Each structure stands twice: as C-alpha cells, then as structure tokens.
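Descriptive structure summary
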Amino acid sequence: MLISVIITTYNSPDFLQRCINSFLDQADSHFEIIVADDGSKEETKLLIKKYKDSHLNIKHAWHEDKGFRAAKIRNEAVKKANGDFIAFLDVDDWWENIK
C-alpha cells in the first residue's frame, strides 16, 4: 500500500526541510512525497532538489504566487499522487516514526 503525503508550503524552506527530513528514517518506506507549493521563491525548489539523491520519492507541484491559493495547489498535488491513500501535512508538521 502506497501513501501519498502532500505537504503544503509557501516560502518556508526551514520548516519544509524539517518536515521532509522526518521521512528519511521511517521504518516503512511505502510513501511518496508531493510538495504542494503555493508560489514559493526559488529557495524551495532548490531545497527539494537536494533530496534527489536520497531514497525519497519527491514530486513538486508549484504555481505562480497570486495570493493565497493553497486549496488550488493541493488539488494539483493530488493529481500527481499515485498512492492508495493521501495524507495532508502543513509545512510545520512532521511525520513521527512508528515502528
């Protein structure tokens, strides 16, 4: 069973890094991460690229910053999801490792 984890963010690379890092040592690796980016600047895109050599499967859904449109970008992220289930996280959340 694959879980699609959608992380909603906007110009919060420090929180995003902490959130993504919480997935690095999970006992269960049947998940993909989709960053639902509500128009962040280049720093967020560069952060996501840092994980390309990790075992994490990360996708990036982004749209231009035209004000608060978090629901719209979450919907775009859902379109990229391949999981059997979808979990939504805000950028200041993290995933606890449950063994």
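Since the model is a prediction, treat every value here as computed from it, not as a measurement.

Some thoughts on the sheet that holds strand S2 (residues 31–37)
Read across the sheet, 4 strands follow the order S3-S2-S1-S4 without closing on themselves; strand pairing throughout is parallel. Either end of the sheet is taken by a strand with one partner, and the two such strands are strand S3 (58–62) and strand S4 (85–90). Adjacent strand axes in the sheet meet at a mean angle of 25 degrees when their direction is disregarded. Judged from the 6 bridges that link them, strand S1 (residues 3–9) and S4 form a sheet pairing that is parallel. What sits directly across from Thr8, in S4, is Asp90. Set on the sheet, helix H1 (residues 13–21) makes contact with S1, S2, S3 and S4; between it and S1 the angle comes to about 165 degrees.

Side note on the nonpolar core
Residues Ile7, Leu16, Ile20, Phe23, Ile33, Leu56 and Ile58 are the most contacted members of the largest nonpolar core, which totals 16 residues. Of all the elements in the fold, those that place two or more residues in this core are S1, H1, S2 and helix H2 (42–49). With residues up to four places along the chain from it excluded, the contact list for Ile58 reads Ile20, Ile33, Val35, Ile48 and Tyr51. With 7 residues, the next largest nonpolar core counts Ile6, Ile34, Ala77 and Ala81 among its residues.

Conventions and cut-offs
- Residues numbered from 1 in each chain as written.
- Predicted model: local features only at pLDDT ≥ 70, side-chain atom pairs only at ≥ 80, totals over all residues.
- Heavy atoms only, no water.
- Pairing = 2+ DSSP bridges.
- Helix = DSSP H or I, 4+ residues; strand = E, 2+ residues; numbered from the N terminus.
- Axes fitted to C-alpha atoms, helices over the stretch in contact; angles between N-to-C directions.
- Contact = heavy atoms within 4.5 Å.
- Core = buried A, V, L, I, M, F, W, Y, C linked by side-chain atoms within 4.5 Å.
- Buried < 20%, exposed > 50% of the residue type's maximum accessible area, 1.4 Å probe, protein only.

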